[in-house]
Every structure is written in structure tokens, then in C-alpha cells.
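What follows is the residue order along each chain.
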Amino acid sequence: MFSLDRLDAALLGELTRNPRAGIVDLSAKLGVARNTVQSRIKKLEESGAVTGYRPVVDLPKLGVPLQAFIGAELVQARMGHVIAQLGRFPEVLEVHATTGREDLLIRMAAQSQEDLLLVLERIHAIEGVAHTTTTLALTTPIPYRTQPLVEHITRDAGHGRSSSPGNP
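Basis of the calculations
Residues numbered from 1 in each chain as written. Predicted model: local features only at pLDDT ≥ 70, side-chain atom pairs only at ≥ 80, totals over all residues. Heavy atoms only, no water. Helix = DSSP H or I, 4+ residues; strand = E, 2+ residues; numbered from the N terminus. Buried < 20%, exposed > 50% of the residue type's maximum accessible area, 1.4 Å probe, protein only. Polar contact = N/O pair within 3.5 Å; in protein donor to acceptor, adjacent residues only side chain to side chain. Contact = heavy atoms within 4.5 Å. Core = buried A, V, L, I, M, F, W, Y, C linked by side-chain atoms within 4.5 Å. Salt bridge = Lys/Arg side-chain N within 4 Å of Asp/Glu carboxyl O.

(A) Spatial organisation of the side chain of Gln-67. By the element assignment, Gln-67 lies in strand S1 (residues 66–74). Note on Gln-67: relative accessible area 15%, which makes it buried. At 2.8 Å, the side chain of Gln-67 and the side chain of Arg-107 are in polar contact. Filtering out sequence-adjacent residues up to four positions away, Gln-67 remains in contact with Leu-59, Leu-93, Arg-107, Met-108, Ala-109, Thr-135, Leu-136 and Ala-137.

(B) Representation of the nonpolar core within the structure. Among the nonpolar cores identified, the biggest contains 19 residues, and Val-82, Leu-86, Leu-104, Ile-106, Met-108 and Ile-123 are the most heavily contacted of them. Looking at this core, the elements with two or more residues in it are S1, helix H4 (79–86), strand S3 (104–110) and helix H5 (113–124). At 5 residues, S1 tops the list of elements feeding residues into this core. In this structure Met-108 touches Leu-66, Gln-67, Ala-68, Ile-70, Glu-91, Val-92, Leu-93, Leu-116 and Val-119, once residues within four positions along its chain are discounted. In terms of nonpolar packing, the next biggest core, distinct from the first, is built from 15 residues, Leu-7, Leu-12, Ala-21 and Leu-44 among them.

(C) Up close: the pattern of salt bridges. Throughout the structure, instances matching the rule amount to 12 salt bridges. A salt bridge links Asp-8 to Arg-40, with the nearest nitrogen and oxygen atoms 2.8 Å apart. Taken together, the residues span a long stretch of sequence, with Asp-8 in helix H1 (residues 6–17) and Arg-40 in helix H3 (residues 34–47) at a distance of 32 residues. Judged by its relative accessible area of 0%, Asp-8 falls in the buried class. You can call Arg-40 buried: its relative accessible area is 10%. Two residues, Asp-58 and Lys-61, come together in a salt bridge whose shortest N-O distance is 3.9 Å. Bridged by salt links that share partners, the residues Asp-5, Asp-8, Arg-40 and Lys-43 form one connected network.

Shown next as C-alpha cells:
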């Protein structure tokens, strides 16, 4: 497990808001040396805590306004096969293995209800899919985020070696 402190949390917050920020800008915003920022970023990347820097894509603005969550109930011992097949669908944004009635939770996007139906038919045709339940997303009032959780888990941590004595 990788241990974060408040400086790491602040750095992640800045990178979340602006993944293209430069080291000099980050060091100025955080009030720490450039070398500190570089070593913290390197540490976060090497540990696997940060796995990349990606643009946030607004799918509706690209003509893909529909998002759906599909709970898929599978035939025993077919999960690997089903996941491999789902990985071939460009409409599938992510897949989570879950507990409960459904074995997989699939997040997908489509350009229209007709396209959604076609994708659902393709999912049903995968050997090992027994049943699905589809829920349409109407809006996304809280988009995927990690920063509030990062700040929560580091609330009692120090501010790293760059802190002055007496200022955690």
C-alpha cells in the first residue's frame, strides 16, 4: 500500500485540475521546490498510484449522449470469456466485476436508443451472458472523481518533508 500525505494530495489535486501543468507552475502553486514536485510525481508514478494523464472527454459534445449501466448475470465459469468479448465493444467504457445478483457492471455509451439496443443485442449474444438489466443515466450530477477521497484519507497526515517545523 502506498502512503500519501497532504502534499501528495495537493499535488494530485493540481494535476487533476490541470494534467498539463508544468513542474515550475506546480511548485509555485504548492509552495515547494521544483525538485520536491518532480520527486513526488516520480514516486506517485513508480508506485502505480498515478497511472496516466488523460483528457476528460465530454461524450455528449462528441455526439454520444446516451450512457447506460448494464448489470450482467453470467453462466458459471464464463467471466473471462465475457470480459474478453466486452473489451472488443467500442461502446463499452468500463466493466466492473461485482457481488450480488449481477456478476458484471458494464458502463457503456451510445449515440441513440437504437444504437443502445444493438449493443444490448450483441451483449446478449455473448456465450455466457444469462441475463442483463439496463439502467439509463439521465444526468451525471457528480462525475467520476478521486480528489475528495484523497483529501479525506490524508486529512491527518503531515505535509511531507517540505513542511517547516511546527507547520504540519
